[in-house]
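Structural characterization, general
The lines below spell out each chain.
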Amino acid sequence: CYIGGWTAAHHWGLTEQLFNETLVFTTRRVVKKRVTAQGAVFVLHATSAKRLFGLKTLWRGTTKVSVSDAARTLVDMIAVPETGGGIDHVADCLQTYLGNKSADRDLLIRYAEAYGNGAIFKRLGFLAETLLHDEKLTAACRDRLTQGNTRLDPALDSPRLLTAWRLWVPERWKDRAA
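Before going into details, it helps to say that this report is about the structure given with it. It should be emphasised that the depicted structure is a prediction, and the values quoted were computed from it without experimental measurement. Per chain, residues are indexed from 1 in the order of the written sequence. The predicted nature of this model means local features are confined to residues of pLDDT at least 70 and side-chain atom pairs, given and counted, to a pLDDT of 80 or more, with totals for whole chains, interfaces and linings taken over all residues. Side-chain measures here rest on the full set of heavy atoms in the structure, leaving out hydrogens and waters.

Concerning the overall build of the protein chain
Counting its secondary structure elements, the protein chain contains 7 helices and 9 strands. In this treatment the radius of gyration is a C-alpha quantity, and the globule benchmark scales as 2.2 Å times the residue count to the 0.38 power. A compact globule built from 178 residues would reach a C-alpha radius of gyration of about 16 Å, and the protein chain, at 16 Å, matches this within 12%. With the C-alpha coordinates aligned to their principal axes, the bounding extent of the protein chain is approximately 50 × 35 × 30 Å. Residue exposure (1.4 Å probe, protein chains only): buried if accessible area is under 20% of the type maximum, exposed if over 50%, otherwise partly exposed. Burial statistics for the protein chain: of 178 residues in total, 46% are counted as buried. Numbering of helices and strands runs from the N terminus; a helix is a DSSP stretch of H or I covering at least four residues, while a strand is a stretch of E covering at least two.

Below is the structure:
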């Protein structure tokens with residue numbers, strides 16, 4: 001398992017927002033999504049063993065903890081926006097990451113390819129084009145578009161289809177895509 005999503009985003013300075021729960025990605029089958037241990041609340045999210053990459057080891061006292069690196073954290077949150085607190089928060093984290101001198105766009109693309117979910121390129125490309133105006137990242141995502149349509153955020157009502165990105169977007173995002 002590893003610490004990821006909004007918890008890792010805060011660790012890497014991608015957000016100042018504090019969440020009351022720690023997000024953990026695990027290869028075990030998740031029966032209970034929320035678990036409390038010694039007063040701490042953990043939100044569990046299942047992942048496959050092939051997706052255990054892009055991790056850093058941190059030491060908390062004598063305990064070894066794996067945490068997703070900044071690029072991998074973003075890929076996880078773009079793949080499953082709920083793990084990042086929703087697409088609006090994910091977009092803010094992406095903007096913060098790409099505004100940093102140490103941002104690695106090529107690493108984002110490599111991780112997204114290794115993750116193996118075409119929705120990542122649709123969401124990332126849309127955000128890169130409309131929010132960040134990052135032509136290189138936009139082009140890299142456009143080259144990797146897959147068939148089928150997906151939602152910008154599965155948790156939101158998304159009535160508008162942007163055929164260029166094969167992406168259903170909420171009404172409040174329509175002005176950004178114009």
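That was the structure; now back to the text.
Focus on the nonpolar core
Among the buried residues, those of types Ala, Val, Leu, Ile, Met, Phe, Trp, Tyr and Cys that are joined through side-chain atoms within 4.5 Å form a nonpolar core. In terms of nonpolar packing, the biggest core is built from 42 residues, with L74, L94, Y97, L98, L108, F126 and W173 touching the most fellow members. Residue assignment for this core shows that the elements contributing at least two residues are α2 (70–79), α3 (87–98), α4 (105–115), α5 (118–132), α6 (135–142) and β9 (167–169). Among the elements that make up this core, the one with the highest residue count is α5 (8 residues). The contact criterion used throughout is that any non-hydrogen atoms of two residues lie within 4.5 Å. Residues within four places of L108 in sequence aside, it is in contact with A71, L74, V75, L94, Y97 and L98.

Quick word on the sheet that holds strand β7 (residues 150–151)
Across the sheet, 3 strands lie side by side as β7-β9-β8; this open sheet has mixed pairing. For this open sheet the edge positions go to β7 and β8 (160–162), each flanked by a neighbour on one side alone. Taken together, the 2 bridges between β7 and β9 define a ladder with parallel strand orientation. Across the sheet, R151 pairs through a bridge with W168, a residue of β9. Note on pairing: two strands pair once DSSP finds at least 2 bridges between them.

Some thoughts on the side chain of R72
The residue R72 is located in helix α2 in this model. Between N or O atoms, a polar contact is any pair within 3.5 Å; within protein, one atom must be a potential hydrogen donor and the other a potential acceptor, and residues adjacent in sequence are included only when both atoms are from side chains. Of the polar contacts made by the side chain of R72, one reaches the backbone oxygen of R51; its length is 2.6 Å.

Thoughts on the pattern of salt bridges
Salt bridges are defined as contacts in which a side-chain nitrogen from Lys or Arg sits within 4 Å of a carboxyl oxygen from Asp or Glu. For the coordinates displayed, the defined rule picks out 8 salt bridges. A salt bridge links R72 to D76; the nearest nitrogen and oxygen atoms lie 2.8 Å apart. With R72 and D76 both in helix α2 and 4 residues apart, this pair spans about one turn of that helix. For R72, a relative accessible area of 0% translates into the label buried. A salt bridge links D134 to R105; the shortest N-O distance between them is 2.4 Å. Placement of the pair is D134 in the loop between α5 and α6 and R105 in helix α4, with a sequence separation of 29 residues.

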